[in-house]
Amino acid sequence: MGKYVTAAEAVKVVKSGDRVYLQAAAAAPTVLANALTARAEELRDVEVCHLHTEGEARYAAPEYAASFHVNSFFIGCNVRHTLSAGNGSYTPVFLSELPLLFRKNVVPIDVAFIHVSPPDLHGYCSLGVSVEATVAAIENAKIVVAQVNPNMPRTFGDGIIHVSKIDYLVEVATEIYTQVPLQSTPEENTIGKYIASLIDDRSTLQMGIGSIPNAALRQLTNHKDLGLHTEMFSDGIIDLIEKDVINCNYKGIFQGRVLATFLIGSQRLYTFVNDNPFIEMKEASIVNDSARIRKNPKMVAVNSAIEVDLTGQVCADSIGSRMYSGVGGQMDFIRGASLSQGGKAIIALPSITKKGESRIVPFLKQGAGVVTTRAHIHYVITEYGIADLYGKTLKQRAAAMVKIAHPNHREFIEKAYYALIQ
């Protein structure tokens, strides 16, 4: 078998009992994953592990439970059902530490499925829009199989892989998964304004994808000399870079470069980052390293939550005992921003769910996981204001949190809290 093979030929390297790692997010190697799924009848007990992936995940269908077990390091909607169906598991891990699980052989990798740009004249491919833990998986996998796609943007940084490091290559011409930015609600726009009010000129930002980060970014057009050191980013940063609002001139590390470990957005974003040396894609052990993050003066980390209790405990990965997403990089950046000179760590969320339930609660739901502890929390923002909890007593925190809860729920959550702490 030569290096260039069909997908069906390439996935024959997977044996029963193997562990297969899939590159994450918009770079999910779906052609390879689907070809592997087509072998379901001849395989047993193959573990497919990954962070959040875009697109279909046929291997996660319950009818393939004897063949494939899904191990999620961050749970996406395409595999969330596996936890209740019994053909999936969740491994809690900080995104910064996931590469270490591979390098320390705590989670050995048999086969890595990756998604790269075509080799250049010197034989180098690019991991493009998603580096995260894939470099560590490549280094530690026994066999590496790549989708080679002319549509994959070429990005600079850790994701430059020489073709000699890849065992088999499968040529594809699929579109890279996109997410079109959603329109923000009035509540999200208000939250965005509150976030922007805490951001000084020459701050370095960590903001992810979604309506609230985009709403905040839209409020920053009059800011000056901002930096970006973020786990991931989307379209919202493009206009700010083109207007020289984000120029990264005052970052503490990787000065003059945007730093990220994966990205997802529209085709406009992929065109923008393609062959763009201003964008530096590094693996998560570097981007999400709190010791590095804290070196950025005025580091501002903006993260979300499922619910926050009155003492400042943040649940961001589960709804009660039902796992929903994952730990991800929230604590990496909360801690890094907290220790930065002039840094600010922010949790931003709407005050209520779509069903009208309060997301500011007296106590977290039974079984809920704490991603950010009450000792780490600084600011919590809803459309009703900013609660500054840093250095505050439990009673002071409760009073501040009640003020940013939805008015319909304030009396109930305050009474429920004090009734149980007496």
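Refer to the structure above for everything that follows.
Residues numbered from 1 in each chain as written. Predicted model: local features only at pLDDT ≥ 70, side-chain atom pairs only at ≥ 80, totals over all residues. Heavy atoms only, no water.

1. Considerations on the overall build of the chain
Phase 1 of the analysis: In terms of helices and strands, the chain carries 14 helices and 25 strands.
Phase 2 of the analysis: A compact globule built from 422 residues should have a C-alpha radius of gyration of about 22 Å, and the chain, at 22 Å, falls within 12% of that.
Phase 3 of the analysis: For the chain, the C-alpha atoms occupy an extent of roughly 70 × 50 × 35 Å along the three principal directions.
Phase 4 of the analysis: Within the chain, the proportion of its 422 residues that are buried is 59%.
Phase 5 of the analysis: Contacts in the chain between residues at least 24 apart in sequence constitute 70% of all its contacts with a sequence separation of at least 6.
Phase 6 of the analysis: Total accessible area on the chain is roughly 17,100 Å²; 51% of this is exposed by carbon and sulfur atoms. (Helix = DSSP H or I, 4+ residues; strand = E, 2+ residues; numbered from the N terminus. Rg over C-alpha atoms; globule rule 2.2 N^0.38 Å. Buried < 20%, exposed > 50% of the residue type's maximum accessible area, 1.4 Å probe, protein only. Contact = heavy atoms within 4.5 Å. Areas by Shrake-Rupley, 256 points an atom, 1.4 Å probe, with all protein chains shown as cover.)

2. Overview of the pairing of strand β22 (residues 344-348)
Phase 1 of the analysis: Here β22 lies mainly inside the structure; 5 of its 5 residues are buried.
Phase 2 of the analysis: Burial of β22 is two-sided: the residues Lys344, Ile346 and Ala348 facing one way and the residues Ala345 and Ile347 facing the other way are all buried.
Phase 3 of the analysis: For strand β17 (residues 299-303) and β22, the ladder comprises 4 bridges, and the chain directions are parallel. Bridging from a neighbouring strand, Val300 pairs with Lys344 of β22. (Pairing = 2+ DSSP bridges.)

3. A few points about helix α7 (residues 211-218)
Phase 1 of the analysis: Counting buried positions along α7 yields 7 of 8 residues, so the element is predominantly enclosed.
Phase 2 of the analysis: Listing the buried residues of α7 in full gives Ser211, Ile212, Pro213, Asn214, Ala215, Ala216 and Leu217.
Phase 3 of the analysis: Those residues of α7 that are buried lie in contact with α6 (186-197), β11 (204-206), α8 (238-242) and β22.

Note that every value here comes from positions in space, so none of it alone points to a role or purpose.
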